[in-house]
Amino acid sequence: MRPPTPVPPVSSLWLTLSRLPTLPKIRMFGWWLAHEALPTGRCVFLVGLSDGFCPLCGTIEETVLHVLRDCDDVQFNLNPAGFTPHVTHGRQNCQKRSKRSQIRVGAMAADEGKVKIEKFDGADFGFWKMQIEDFLYQKNLYQPLSGKQPEGMKDEDWALLDRQALGVIRLTLSRNVAFNIAKEKTTAGLMAALSSMYEKPSASNKVHLMRRLFNLRMAEGASVAQHLNELNTITTQYASEGIKAACDWAYKGVEQESVLEDDYFLSRIPIVHRRLAQGGVRLAATLNRIFG
Ligand SMILES: [Zn+2]
């Protein structure tokens with residue numbers, strides 16, 4: 001019998017998790033996580049019900065960190081989700097680095113000039129937009145995105161801020177994309193021009209709705225009912241956009257009243273696996289907040 005790998009001490013990790021200003025279900029998950037109380041291969045191995053190896057890659061013992069970050073199959077999803085190799089390959093250099101620096105989100109690493117946002121070459125506008133917006137928020141350059149000069153800000157300060165944001169955005173454009181928007185002189189104008197050229201309608205709706213949802217705050221003086229109403233509207237719209245997109249994709253080429261054969265379901269299995277692994281992405285984001 002193979003001896004189980006020792007688990008690192010968790011009390012400080014749990015203390016951090018328990019104080020995160022986030023949903024109770026995420027803190028709850030944090031408790032399971034910190035106490036290795038998730039049914040990972042390692043835990044199931046301890047009670048003699050499995051060989052303990054990761055069912056995705058099959059090569060390594062399945063610990064919590066392996067499931068969330070280190071598994072090659074998970075990294076396959078973490079990288080497109082905006083986590084940089086600096087984060088996801090932390091394990092390769094972990095002896096040389098302190099624990100704090102192993103897990104980091106892309107934009108933070110970008111500050112140190114180590115990682116850059118992938119250049120936008122015209123493909124997957126929604127993803128690039130999300131990354132660049134997050135990056136501008138991190139750098140406190142987000143105001144120009146709205147095109148609205150904050151009250152009390154001097155014109156020259158606003159012009160400088162707008163020019164800075166414009167410059168950061170243009171640095172993340174490939175040559176052929178930059179060529180198309182060379183005449184745009186403001187951040188908001190640039191983003192609008194890019195949207196009109198590259199954003200797909202349905203995907204753009206989803207990104208827009210998601211953003212509205214994340215940024216939804218109860219307005220001062222508004223009633224709870226009003227707030228809930230707005231929340232409801234956005235989530236319903238989001239769900240219906242999601243269903244539409246899923247149907248367009250999943251039932252592509254399927255005709256009315258045709259029967260789906262095994263081939264169809266088998267062809268979907270790899271995608272289901274990917275989606276499961278992507279579930280780890282949200283948790284990795286939480287980990288980044290703790291260690292970042
Ligand atoms: Zn694995």
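Please refer to the structure higher up on the page.
Attention here is on the structure that accompanies the text. This is a predicted model, so every value here is computed, not measured.

Our focus in this paragraph is the packing of helix α11 (residues 155–171) against helix α13 (residues 187–198). The interhelical angle for the contact between α11 and α13, taken along N-to-C directions, is 35°, at an axis separation of 8 Å. Where α11 approaches α13, its residues D162, A165, L166, I169 and R170 are matched on the opposing element by T187, L190 and M191. Residue composition of the contact of α11 with α13, grouped by class: five nonpolar, one polar and two charged.

Another point: the coordination of the zinc ion. Distances from the zinc ion to its protein donors, C54 (SG), C57 (SG), H66 (NE2) and C71 (SG), fall within 2.1 to 2.3 Å. Coordination at the zinc ion is tetrahedral, judged from the four donor atoms that bind it and the angles of 103 to 117° they form at the metal. Counting along the primary sequence, the residues that act as donors to the zinc ion give the motif C-x2-C-x8-H-x4-C. Taken together, the positions of C54 in the loop between α3 (41–46) and α4 (64–70) and H66 in helix α4 put the pair twelve residues apart, joining distant regions of the chain. You'll find C54 and H66 in the same group, each marked buried.

In this section: the nonpolar core. F120, W128, I132, L136, I169, L173 and L194 are the most contacted members of the largest nonpolar core, which has 22 residues in total. Contributions of two or more residues to this core are made by α9 (125–138), α11 and α13. Once you skip the residues sitting within four places of it in the chain, I169 turns out to touch W128, I132, L136, T187, L190 and M191. Ranked by size, the runner-up nonpolar core spans nine residues in total, among them L33, A34, L38 and L287.

So, about the pattern of salt bridges. Once the charged atoms of two side chains with opposite charge are near each other, the side chains can pair. In the structure shown here, the tally under the stated rule is one salt bridge. The closest approach of N and O atoms between E184 and K183, which form a salt bridge, is 3.9 Å. Taking relative accessible area as the criterion, K183 reaches 67% and is therefore assigned exposed.

Applying the stated criterion across every chain, the model contains five aromatic pairs. Where F125 meets W128, the ring centres are 5.8 Å apart and the plane angle is 40°; that geometry is what we call tilted. In this pair, F125 and W128 are both assigned in helix α9, three residues apart and thus about one turn of the helix distant. W128 carries the same exposure label as F125, and that label is buried. Ring centres of Y137 and Y142 lie 4.6 Å apart, and the angle between their planes is 5°; this geometry places the pair in the stacked category.

Turning our attention to helix α2 (residues 24–34). Among all positions of α2, only I26, G30, L33 and A34 are buried. All buried residues of α2 lie within an arc of 85° about the axis, which places them on one face of the element. Away from the buried face of α2 by more than 90 degrees, exposed residues P24 and K25 are located. Immediately beyond the C-terminal end of α2, within one or two residues, lies E36, with a positive phi of roughly 50°.

What follows concerns the packing of α9 against α11. Remark: α9 packs on α11, axes separated minimally by 11 Å, with the N-to-C direction vectors making an angle of 140°. Between α9 and α11, the angle is such that the two are oblique. α11 is crossed by α9, and the crossing has right-handed handedness. Note on element contacts: α11 touches α9 through A165, V168 and I169, opposite W128, I132, F135 and L136. Classifying every residue of the contact of α9 with α11 by side-chain character gives seven nonpolar, no polar and no charged.

Here is what the cut-offs are and how they apply
Residues numbered from 1 in each chain as written. Predicted model: local features only at pLDDT ≥ 70, side-chain atom pairs only at ≥ 80, totals over all residues. Heavy atoms only, no water. Axes fitted to C-alpha atoms, helices over the stretch in contact; angles between N-to-C directions. Helix = DSSP H or I, 4+ residues; strand = E, 2+ residues; numbered from the N terminus. Contact = heavy atoms within 4.5 Å. Nonpolar A, V, L, I, M, F, W, Y, C, P; charged D, E, K, R; others polar. Donors = N, O, S within 2.8 Å, 3.2 Å for Na, K, Ca; no water. Tetrahedral: all angles 85-135°; square planar, octahedral: opposite > 155°, others 65-115°. Buried < 20%, exposed > 50% of the residue type's maximum accessible area, 1.4 Å probe, protein only. Core = buried A, V, L, I, M, F, W, Y, C linked by side-chain atoms within 4.5 Å. Salt bridge = Lys/Arg side-chain N within 4 Å of Asp/Glu carboxyl O. Phe/Tyr/Trp six-rings, centres within 6.5 Å; stacked < 30°, edge-to-face > 60°. Arc of directions from axis to C-beta. Parallel < 35°, antiparallel > 145°, perpendicular 65-115°, else oblique. Left-handed = near helix turned anticlockwise from the far one by under 90°.

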